[in-house]
Amino acid sequence: VFDPPASRFEWRRHPIPAKFPGVIDHAQLKNVPHKIFLNPSTSEVLCTTTAEALAMNKFAIIPKHPSNTFFLQFTNCLAYETLEECADKMEWALKNTPTLLSEEERRKFTWEAATERLLESSIVTVKQARKRAEDGMDKTDARIAYWLSESGEKSNMIRSLFHKNGDGVGDVYGDHSPLDDG
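Residues numbered from 1 in each chain as written. Predicted model: local features only at pLDDT ≥ 70, side-chain atom pairs only at ≥ 80, totals over all residues. Heavy atoms only, no water.

Participant: Explain the packing of aromatic side chains here, please?
Facilitator: Both the distance between ring centres and the angle between the ring planes are used here to describe each pair of aromatic rings. One pass over the structure, following the stated rule, counts four aromatic pairs. Aromatic pair Phe-59 and Trp-92: ring centres 5.4 Å apart, planes at 70°, arrangement edge-to-face. Within this pair, whereas Phe-59 is found in strand S2 (residues 59-63), its partner Trp-92 is found in helix H3 (residues 83-95), the two being separated by 33 residues in sequence. Trp-92 sits in the partly exposed class, given a relative accessible area of 43%. For the ring pair Phe-70 and Phe-74, a centre distance of 5.5 Å and an interplane angle of 65° mean the geometry is edge-to-face. For Phe-70, a relative accessible area of 27% gives the class partly exposed. Classification of Phe-74 as buried rests on a relative accessible area of 3%. Members of the aromatic cluster, connected to one another through ring pairs, are Phe-70, Phe-71, Phe-74 and Phe-109. (Phe/Tyr/Trp six-rings, centres within 6.5 Å; stacked < 30°, edge-to-face > 60°. Helix = DSSP H or I, 4+ residues; strand = E, 2+ residues; numbered from the N terminus. Buried < 20%, exposed > 50% of the residue type's maximum accessible area, 1.4 Å probe, protein only.)

Shown next as structure tokens:
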């Protein structure tokens with residue numbers, strides 16, 4: 001069991017037993033003999049590394065946790081709830097070979113699919129907007145919109161993310177408005 005140092009002094013005398021190899025191009029890792037990525041954390045932000053492991057056709061052994069929900073749909077994702085289950089998943093993964101991603105699974109890792117999920121999750125219908133107004137949330141929404149507008153004026157970054165020319169919603173949605181109930 002690893003007992004982390006309690007102070008900087010102790011850390012200098014007994015450094016953490018970790019090796020950081022520096023920058024590595026992930027493309028170089030695609031054909032390494034390792035086939036398992038174990039991520040036991042529920043507090044670290046390691047979703048990107050889990051996605052990379054799955055995209056490289058590795059097994060990803062992860063805890064069943066809200067932050068990992070997206071990954072549960074993939075064939076090579078082995079989720080567990082207890083340490084015993086984790087050990088069972090590890091044993092199973094050591095004896096088996098990860099499957100290649102299906103075309104559908106591969107597409108879910110593309111920027112296009114990620115952008116679609118972002119837009120889908122951010123759409124507010126007229127019905128939802130009315131409900132937010134009834135609940136008094138429209139003022140909060142207006143403040144957030146103002147802040148985003150101001151930050152966009154300073155750098156145009158936010159506007160350029162969603163608008164081809166930075167001049168209207170039509171660039172993203174065409175003739176369909178995200179505020180339509182349809």
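Participant: Would you take a moment to explain the nonpolar core for this structure?
Facilitator: Inside soluble globular proteins, nonpolar side chains tend to come together where they are buried. By size, the foremost hydrophobic cluster in this structure holds eight residues: Ala-51, Leu-54, Ala-60, Ile-62, Phe-71, Phe-74, Cys-77 and Leu-101. Among the secondary structure elements, those contributing two or more residues to this core are helix H2 (47-55) and S2. Among all residues touching Phe-71, those that are not within four sequence positions of it are Cys-47, Thr-50, Ala-51, Leu-54, Ile-62 and Cys-77. One finds Phe-59, Leu-78, Cys-86 and Ala-93 within the second-largest nonpolar core, a separate group that totals six residues. (Core = buried A, V, L, I, M, F, W, Y, C linked by side-chain atoms within 4.5 Å. Contact = heavy atoms within 4.5 Å.)

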